[in-house]
Amino acid sequence: MTPRVELTPAAAELVRRLREVHGPLMFHQSGGCCDGSAPMCYPEGEFRTGGSDVLLAQLEVDGVEEPVGFWMSRSQYEVWSHTRLIVDVVAGRGSGFSLEAPEGVRFLIRSRVVEA
């Protein structure tokens, strides 16, 4: 079965570095505010999720004890439900809200259509 969300090797390495500094992490796929539709990385629990959010994956990262939750708003999930999300890293500053901003890189979503 194809995972709904996965990390590129570069994204996994950045998650490991951020975990060392900030502790357990989570992602929330932005709905278009601030940085377009970028995946935002926060210390786990810092972004409040609720009934309007969907937990798409618990990402296992080598070298990180606990899985990293990947959340998305339910309304946005309806639009992205036919895709596999691939979290990557590119050079350049992203949003000031996401933990990687001071690193000079930003997380980015690449997607692939999945068959129903």
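The rules behind these values
- Residues numbered from 1 in each chain as written.
- Predicted model: local features only at pLDDT ≥ 70, side-chain atom pairs only at ≥ 80, totals over all residues.
- Heavy atoms only, no water.
- Helix = DSSP H or I, 4+ residues; strand = E, 2+ residues; numbered from the N terminus.
- Buried < 20%, exposed > 50% of the residue type's maximum accessible area, 1.4 Å probe, protein only.
- Contact = heavy atoms within 4.5 Å.
- Areas by Shrake-Rupley, 256 points an atom, 1.4 Å probe, with all protein chains shown as cover.
- Pairing = 2+ DSSP bridges.
- Axes fitted to C-alpha atoms, helices over the stretch in contact; angles between N-to-C directions.

## Digging into the overall build of the protein chain
1) Next: A count of helices and strands for the protein chain gives 2 helices and 7 strands.
2) Next: Helices and strands in the protein chain line up, N terminus first, as β-α-β-β-β-β-α-β-β.
3) Next: Looking at the protein chain as a whole, 45% of its 116 residues are labelled buried.
4) Next: Look at the contacts in the protein chain between residues 6 or more apart in sequence, and 55% of them connect residues 24 or more apart.
5) Next: Total accessible area on the protein chain is roughly 6400 Å²; 50% of this is exposed by carbon and sulfur atoms.

## Here we look at the sheet that holds strand S1 (residues 5-7)
Note: strands within a sheet are paired through backbone hydrogen bonds, in either parallel or antiparallel orientation.
1) Next: Ordered in space as S1-S6-S7, the 3 strands form an open sheet in which the pairing is mixed. If you trace the sheet from one side to the other, it starts and ends with S1 and strand S7 (105-113), each paired once. Across the sheet, the mean angle separating the axes of adjacent strands is 25° when strand polarity is ignored.
2) Next: The pairing of S1 with strand S6 (residues 83-91) spans 3 bridges and is classified as parallel. Across the sheet, residue Val5 finds its bridge partner in S6, namely Leu85.
3) Next: Of the strands in this sheet, S1, S6 and S7 are in contact with helix H1 (residues 9-22), which crosses S6 at around 70°.

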